[in-house]
Amino acid sequence: MGIKDALEKVLRKDQISTSESELYRHSRDESSHDPVLPDVVCFPESTGDIQQILHIANEQAVAVTAYGFGSGLEGQVIPLEKGISLNLERMNQVVEFSPEDMTVTVEPGITRTMLNEKINKYGLQFPIDPGADATIGGMAATNASGTTAVRYGSMRDCILDLEVVLADGRVIHTGTKAKKTSSGYSLTGLFTGSEGTLGIITKISLKLFGIPEYLIAARCTFSTVEECAEGAYAVLANDISITRMELVDDTSIKTVNAYGDYTFPEQHSLFFEFAGTKDMVDAQVAVVKDLMEDIGCDNWAIAKTTKERNELWRARHEMAYAFQHQQGISYFITDVCVPISKLPVIIHYTRELMDESGIHGGILGHVGDGNFHTFLTFERANEEEKLIVLEVTEKIARKAIELGGTCTGEHGVGIGKKGFQRQEHGDAVDVMMSMKQVLDPNNILNPGKIFM
């Protein structure tokens, strides 16, 4: 019996699709990796549906690749071995909400915007912000973070418990609703960031945070990108509690100005956001302004109104799209993360590498936690330029690892970062592969990802 026929015995017809448009939609994400069409797309609506699907897939040794919103940047949702693309968008409900405990349990298909719309009226927020309106399940699977990571950390810091369906159909919970535990192995940490290779996440219990009473955004410019990195380090070294701190180089500013009709000074910039009580925020802003001026900043500006703040962060989030939508141009996005003290070193190295290669691109990122991104562009029909871009991204990743960092701070490994795992983790890669073998002996869960 074929896989589609077997699925039709346990799912409704409207939960299964082999239409050309759906197969294409599930063949790719926002990365530049080549698309691969699955054989069939399934739309489960419950944990029980997923158990049934995995039972069939495991029995027939058919690959299963989970799909959230398709906003990933390392090809995690691309079904390299075809098989089943498991779209979780219909599992998008809040299962349990406890404002008193500041926790919520959700299904994987709910997006971060949908979640915040439901909880903000209680004075609570889920602050992890990767930019795209990604699903919570996808964010958990890749250990996403984003612009607020300097204050709130990554998904791994905010997840209390996961419900996971294993390859053989068993359902497990990895934690509890308690804010901390010393009981057993940290399975929550293991499955968070496992990119769908160890199990399918069906419920996520999250920590929530209060909405600050007062917010201010600010920005300033520097003559060099290295000075931006030094400014970020100065803020952290002075133990200033900051909500967001983003580095944006001059190329990125020029690109987003042209894309979104903004008028930001076209120089290397730092964007900040401060949150808390008014007195505390005003004091922090004054200290940071003095620190930046000591380093030599220009164009210090404060955005106090909601409209001004929203424009600043909308521009930051649109920078990826600004690079992507240049006529006749393809792009490659990469991210690395290093210890804070090494940030000026890696950014200087990256800028030199890009200049020497002749490749056009920008540097931007969440420098408050040592994480930054490079957007490298090349002519779509120019294979030689594409190879240069790939070489540059490889050198950046390997340099980050040499500096004690990682080849990816938040995008995940997926397809593009598989080749760096041995350099970064050494023999620990063998331990990871052993875990994969124990939990997924038939290698049906997102095969071809993370490991070479």
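As a starting point, this report considers the structure included with it. (Residues numbered from 1 in each chain as written. Predicted model: local features only at pLDDT ≥ 70, side-chain atom pairs only at ≥ 80, totals over all residues. Heavy atoms only, no water.)

Turning to the pattern of salt bridges, a few remarks are in order. In total, this model carries 23 salt bridges according to the counting rule given. Arg-12 serves as the salt-bridge partner of Asp-14, at 2.9 Å between the closest nitrogen and oxygen. On the basis of relative accessible area, Asp-14 is assigned to the partly exposed category, the value being 42%. On the basis of relative accessible area, Arg-12 is assigned to the partly exposed category, the value being 41%. Its salt-bridge partner being Arg-244, residue Asp-129 comes within 3.0 Å of it at the nearest N-O pair. Placement of Asp-129 in the loop between strand E7 (124–125) and helix H5 (136–142) and of Arg-244 in strand E13 (residues 244–248) is noted, with a sequence separation of 115 residues between them. The two residues Asp-129 and Arg-244 agree in class, both being buried. Ionic contacts of the salt-bridge type, sharing partners, join the residues Arg-12, Asp-14, Glu-45 and Arg-90 into one network. (Salt bridge = Lys/Arg side-chain N within 4 Å of Asp/Glu carboxyl O. Buried < 20%, exposed > 50% of the residue type's maximum accessible area, 1.4 Å probe, protein only. Helix = DSSP H or I, 4+ residues; strand = E, 2+ residues; numbered from the N terminus.)

Our next topic: unusual backbone geometry. Positioned with a positive phi, Asp-261 is a non-glycine residue whose angle comes to about 60°. We note that Asn-443 has phi near 55°; this positive angle belongs to a residue other than glycine.

Our next topic: the packing of helix H9 (residues 225–237) against helix H13 (residues 343–357). Remark: H9 packs on H13, axes separated minimally by 9 Å, with the N-to-C direction vectors making an angle of 160°. On the basis of their axis angle, the class for H9 and H13 is roughly antiparallel. Here H9 and H13 pass one another in a crossing that is right-handed. Note on element contacts: H13 touches H9 through Leu-343, Pro-344, Ile-347, His-348 and Arg-351, opposite Val-225, Glu-226, Ala-229 and Glu-230. Classifying every residue of the contact of H9 with H13 gives five nonpolar, one polar and three charged. (Axes fitted to C-alpha atoms, helices over the stretch in contact; angles between N-to-C directions. Parallel < 35°, antiparallel > 145°, perpendicular 65-115°, else oblique. Left-handed = near helix turned anticlockwise from the far one by under 90°. Contact = heavy atoms within 4.5 Å. Nonpolar A, V, L, I, M, F, W, Y, C, P; charged D, E, K, R; others polar.)

Here we come to the layout of surface pockets. Volume-wise, the largest pocket comes out at about 720 Å³. Forming the boundary of the largest pocket are 25 residues, of which Arg-112, Gln-125, Asp-129, Arg-244 and Asn-310 lie nearest the centre. Take the lining of the largest pocket: its biggest share by element is seven residues, from helix H12 (residues 306–324). Among the residues forming the lining of the largest pocket, the class breakdown is eight nonpolar, nine polar and eight charged. (1 Å grid on protein atoms, 1.4 Å probe; cavity = no way out; pocket = protein on both sides within 12 Å on 5 of 7 lines; lining within 4 Å. Points joined across faces, edges and corners; volume = space filled by probe spheres on them.)

Strands sit in the order E1-E2-E4-E3 across an open sheet of four strands; the sheet is mixed. A strand with exactly one partner marks an edge of an open sheet, and here the two such strands are strand E1 (16–17) and strand E3 (64–67). Judged from the four bridges that link them, E3 and strand E4 (residues 84–87) form a sheet pairing that is parallel. If you follow Thr-65 over to E4, its bridge partner there is Ser-85. (Pairing = 2+ DSSP bridges.)

One water molecule sets the probe size; rolling that probe over the atoms shows where empty space is left. Taken as a whole, this structure holds two cavities of 30 Å³ or more when the rule is applied. Approximately 870 Å³ is the volume attributed to the largest cavity. Around the largest cavity, the lining is made up of 45 residues, and of these Ser-71, Gly-72, Leu-73, Pro-130 and Ala-134 lie nearest the centre. Secondary-structure elements contributing two or more residues to the lining of the largest cavity are E3, H5, strand E10 (200–207), H12 and strand E18 (371–379). Partitioned by chemical class, the residues of the lining of the largest cavity number 20 nonpolar, 20 polar and five charged. Taken as a whole, the second largest cavity holds about 50 Å³ of empty space. Residues belonging to the lining of the second largest cavity are distributed by class as follows: four nonpolar, three polar and two charged.

Tracing the backbone through its elements, the reader meets Ala-217 in strand E12 (residues 214–222). Residues Ala-217 and Leu-312 lie 95 residues apart in sequence; the distance between their C-alpha atoms is 7.8 Å. Contacts of Ala-217, omitting those with residues within four sequence positions, involve Phe-272, Glu-273, Ala-301, Ile-302, Ala-303, Arg-309, Leu-312 and Trp-313.

Three or four residues apart is the spacing at which side chains of an α-helix point the same way, because the helix has 3.6 residues per turn. With 20 residues, helix H14 (residues 383–402) ought to run about 28 Å at 1.5 Å a step, and its terminal C-alpha atoms sit 29 Å apart, in line with that. Of the positions making up H14, those classed as buried are Val-389, Val-392, Thr-393, Ile-396, Ala-397, Ala-400 and Ile-401. Residues of H14 that are buried in the fold lie against strand E16 (329–337), H13, E18 and helix H15 (421–425). Between the side-chain oxygen of the N-cap and the backbone nitrogen of Glu-384 there are 3.1 Å, and the N-cap of H14 in question is Asn-382. (Expected span 1.5 Å × (residues − 1). Polar contact = N/O pair within 3.5 Å; in protein donor to acceptor, adjacent residues only side chain to side chain.)

Turning next to the packing of aromatic side chains. The tally for this structure, following the rule as stated, stands at eight aromatic pairs. Ring geometry for Phe-323 and Phe-375: centres 5.2 Å apart, planes at 10°, overall stacked. Separated by 52 residues along the polypeptide, Phe-323 in helix H12 and Phe-375 in strand E18 bring together distant segments of the chain. Here Phe-323 matches Phe-375 in class, with each residue buried. (Phe/Tyr/Trp six-rings, centres within 6.5 Å; stacked < 30°, edge-to-face > 60°.)

Okay, the pairing of E18 next. With eight of nine residues buried, E18 is to be regarded as a mostly interior element. Two strands pair when backbone bridges link them, and strand E17 (residues 361–365) and E18 are joined in this way by four bridges, in the antiparallel orientation. Following the sheet pairing, Leu-364 is matched in E18 by His-373.

The next subject is the sheet that holds E12. One open sheet holds the seven strands; their spatial order is E15-E12-E14-E13-E17-E18-E16, and the pairing between them is antiparallel. The strands lining the two open edges of the sheet, one partner per strand, are strand E15 (298–303) and E16. For this sheet, the mean angle separating the axes of adjacent strands, direction not counted, is 15°. As paired strands, E13 and strand E14 (residues 268–276) are joined by five bridges and run antiparallel to one another. In the sheet register, Glu-246 faces E14, and the bridge partner there is Phe-271. Here helix H11 (residues 278–295) sits on the sheet and contacts E12, E14 and E15; the angle it forms with E14, its principal contact strand, is near 160°.

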